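Chains, contacts and geometry: an overview
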Amino acid sequence: MAKITLEDISFTYEGNIPALRNISLEFDQGTCYSIEGPNGCGKSTLFRILLGLSFPDFGRYLFDGEEINEKKLKQDEFSISFHKKIGFVFQNPEVQLFSKTVEDELAFGPRQLGISENEIRKKVDYYLELLKLTDLRDRAPFYMSGGEKKRCALASVLIMEPGVLILDEPLNGLDEENEEFLLSFLKELKSDGRLIIFSTHRKDVALAFADRRIFMTKEHRIANT
């Protein structure tokens, strides 16, 4: 079960630079949401708050009814539990790829959880096949194409089986073939009952993928729709 509630949150950067103003939203399990709006409207800040990397100046962030704040995320057990529930794929996959091989990249997260090597191998094999990466398992991620890197980053997140998946411009920079594959794959993910939130500048992607479209304005608010 995953439900996210934002109650009238606001966030301002140093120098009195506003990023979010009075944002109230609900995100429900089994639903896919697009976050749309001009550059600088606050989409990245919103994602940072959802991931527990930044905290609102005002308002509350609730995850399954429990408030997420800086104090709680300083508690190791709570922090580990929370971050296992949310997977994030960066717009630029190179930001999150660091292992020597694709196989090691996928295995890293499960190893941190103490999963047995036998179980890790099974999970790695499954997600390599799912994302069409089997033939690249021994390849260094930095020597792959943009589409292959994106699929590797997605596989390394999905192997942790998060209930919430957040994607920053998931199709950005992909060629037509990889874009078609990834869009089809993401549509299939919706049937798994995950809560999916993604940002995009493309109306066609939002229409094809999102159950609900959320628009942010240059004033850092949610547009009335």
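Structural data are supplied above this passage.
So, here is what we can say about the structure in this document. Model, not experiment: these values are computed from the prediction. (Residues numbered from 1 in each chain as written. Predicted model: local features only at pLDDT ≥ 70, side-chain atom pairs only at ≥ 80, totals over all residues. Heavy atoms only, no water.)

Pairing of strand β1 (residues 3–13) with strand β2 (residues 17–28) involves eight bridges; the strand directions are antiparallel. Each bridged residue has a counterpart across the sheet, and for Phe11 the counterpart in β2 is Leu20. Here β1 folds back onto β2 in antiparallel fashion, the turn holding three residues, of which Gly15 has a positive phi close to 90°. In this structure, β1 lies alongside strand β4 (residues 58–63), joined through five bridges in antiparallel fashion. Its bridge partner being in β4, Ile4 is matched across the sheet by Phe63. (Pairing = 2+ DSSP bridges. Helix = DSSP H or I, 4+ residues; strand = E, 2+ residues; numbered from the N terminus.)

Below, the discussion takes up the packing of aromatic side chains. What the rule picks out here adds up to 10 aromatic pairs. Summarising the aromatic geometry, the rings of Phe88 and Phe90 are spaced 4.7 Å apart at their centres and angled 65° between planes, so their arrangement reads as edge-to-face. An angle of 15° between the planes, with centres 6.3 Å apart, marks the rings of Phe181 and Phe185 as stacked. Here the residue Phe181 and the residue Phe185 both occupy positions in helix α7 (residues 176–190), the gap between them amounting to four residues, near one helical turn. Overall, Phe181 belongs to the partly exposed group, its relative accessible area being 25%. Here Arg151 stacks its cationic end above the ring of Phe181, 5.5 Å away from the centre of that ring. (Phe/Tyr/Trp six-rings, centres within 6.5 Å; stacked < 30°, edge-to-face > 60°. Buried < 20%, exposed > 50% of the residue type's maximum accessible area, 1.4 Å probe, protein only. Lys NZ or Arg CZ within 6 Å of the ring centre and 35° of its normal.)

As a further point, take the nonpolar core. One finds Leu106, Leu154, Leu158, Leu165, Leu167 and Leu186 to be the most contacted residues of the largest nonpolar core, which totals 35 residues. When residues of this core are assigned to their parent elements, the largest contribution, six residues, is made by helix α6 (residues 146–158). Sequence-distant contacts of Leu106, that is, excluding residues within four places in its chain, are made with Val124, Tyr127, Leu128, Cys152, Ala155, Ser156 and Ile159. The next biggest cluster of nonpolar side chains, apart from the first, holds 32 residues, and it includes Cys41, Ile49, Phe78 and Ile214. (Core = buried A, V, L, I, M, F, W, Y, C linked by side-chain atoms within 4.5 Å. Contact = heavy atoms within 4.5 Å.)

Where like charges cluster on the molecular surface, the negative patch consists of Asp175, Glu176, Glu177 and Glu180. With respect to the secondary-structure elements, Glu176 resides in helix α7. (Patch = residues over 30% accessible without salt bridge, like charges linked within 9 Å, V, L, I, M, F, W, Y side chains within 5 Å. Areas by Shrake-Rupley, 256 points an atom, 1.4 Å probe, with all protein chains shown as cover. Salt bridge = Lys/Arg side-chain N within 4 Å of Asp/Glu carboxyl O. Lys, Arg positive; Asp, Glu negative; His and termini not counted. Charge placed at Lys NZ, Arg CZ, Asp CG, Glu CD.)

What follows deals with the sheet that holds β1. Spatial strand order, β2-β1-β4-β5: four strands in an open sheet with antiparallel pairing. The open sheet terminates on both sides in strands that have one partner only, identified here as β2 and β5 (66–67). The pairing of β4 with β5 spans two bridges and is classified as antiparallel. If you follow Leu62 over to β5, its bridge partner there is Glu67. In the packing of helix α1 (residues 43–50) onto the sheet, contacts are made with β1, β2 and β4, and the angle to β1 comes to roughly 125°. (Axes fitted to C-alpha atoms, helices over the stretch in contact; angles between N-to-C directions.)

Okay, the side chain of Thr5 next. Here Thr5 is to be found in strand β1. Ignoring sequence-local partners within four residues, the contact set of Thr5 consists of Leu25, Glu26, Arg60, Tyr61 and Leu62.

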